[in-house]
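Here is how the chains run, residue by residue.
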Amino acid sequence: MKNEKHALAFGLSAVLLWSTVATAFKLTLQEFTPIQMLAVASLVSALALIFICYFQGKLGQLYTTFFSNPLYYLVLGLINPLAYYLILFKAYDLLPASQAQPLNYSWAITLTLMAAVFLGQKIRKQDWIACVLGYAGVVVIATKGDVLALNFDSPLGVGLALLSTLLWAGYWILNTKNKADPVVGVLLGFLVALPFTFGIAFFEGASWNITSKGWMAVTYVGLFEMGVTFVLWLSALKATSNTARISNLIFISPFISLILLAYIIGETIPPSTLVGLVMIVSGLVIQQIKGKTKAATS
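Being a predicted model, the structure only gives us computed values, none of them experimental.

### Section: the confidence of the model for the protein
Of all residues in the protein, 96% attain a pLDDT of 70 or more, and the chain-wide mean is 90. Counting contacts from residues 290-298, a segment whose pLDDT is below 50, to residues more than four positions away or on other chains yields 5 contacts.

### Some details on the environment of Leu43
Positionally, Leu43 belongs in helix H2 (residues 34-55). A relative accessible area of 35% means that Leu43 is categorised as partly exposed. The spatial distance from the C-alpha of Leu43 to the C-alpha of Phe198 is 9.4 Å, given a sequence separation of 155 residues. Not counting residues up to four positions away in its chain, the partners in contact with Leu43 are Leu194 and Phe198.

### A look at the pattern of salt bridges
Two side chains carrying opposite charge are able to pair once their charged atoms lie near each other. A full pass over the atoms with the stated rule returns 3 salt bridges. Among the ionic pairs, Lys58 bridges to Asp181, the shortest N-O distance being 2.9 Å. Taken as a pair, Lys58 in the loop between H2 and helix H3 (61-68) and Asp181 in the loop between helix H8 (155-175) and helix H9 (182-204) lie far apart in primary sequence, 123 residues in all. Each member of the pair, Lys58 together with Asp181, is buried. Note that Lys90 is salt-bridged to Asp93, the shortest N-O span being 3.8 Å. Of the two residues, Lys90 and Asp93 both sit in helix H4 (residues 70-94), 3 residues apart, roughly one turn of that helix. We classify Asp93 as partly exposed; its relative accessible area is 35%.

How each quantity is defined
- Residues numbered from 1 in each chain as written.
- Predicted model: local features only at pLDDT ≥ 70, side-chain atom pairs only at ≥ 80, totals over all residues.
- Heavy atoms only, no water.
- pLDDT = per-residue confidence, 0-100.
- Contact = heavy atoms within 4.5 Å.
- Helix = DSSP H or I, 4+ residues; strand = E, 2+ residues; numbered from the N terminus.
- Buried < 20%, exposed > 50% of the residue type's maximum accessible area, 1.4 Å probe, protein only.
- Salt bridge = Lys/Arg side-chain N within 4 Å of Asp/Glu carboxyl O.

Laid out in structure tokens, this is it:
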């Protein structure tokens, strides 16, 4: 049954939680290496999703779903969470979160271009405008406004943040062929990735002498970036009859995130970050408005 109040509550809860994760990333990376952080957060996410699947009566689907196409789910798990989050966490390790978060937020524009290449979808005029605005915003953020000099604080960090958008968009393109329950599909990704993440983490040989603050931070990341929040968002979309209205809530997330970074982490937010983020979000809004207009006239 559709319930707009429930949909709004689920959607706002997801957006508010996602708004905190950039801050949680930086706090966690003060004590964990990126691969350590990924290993522990993935374990927390897997346990949370197992509990949710058990509560929803879906645990029995895990075996049949995986063995219906094991290579497909292996590839998905290696992309997300393994490659995507490892690269994203490393980008956050190299860049201020106020740069890494808006750069990663451009993934939806990357998805438009990749969908045209791999799915044969047509790129509309509005999509091109969105792409130009979005990637111009990326350059403004990455150069701190000194666009002509193209001087990056961390070229590797910027490159990794943009690479994460390719991986995330690629993951969702592969998911267009996934007929499984979405929560089961995400849980399988974590279960596939866990042996690899812990194997790499222990091979790295970094110290596991972590304070209680660090363990709380990484647990928060596992629950509210990679686990429970995904289920809240799916619940919001399932409960609403107006998907566009719920989806548009996500646009407030990066701005709340910057406020939290300034007040909790103490990061200085350059004016160029706000300008670039407005450009990226404006491009995404243009895509949304076009979609609604087309649906109304068709």
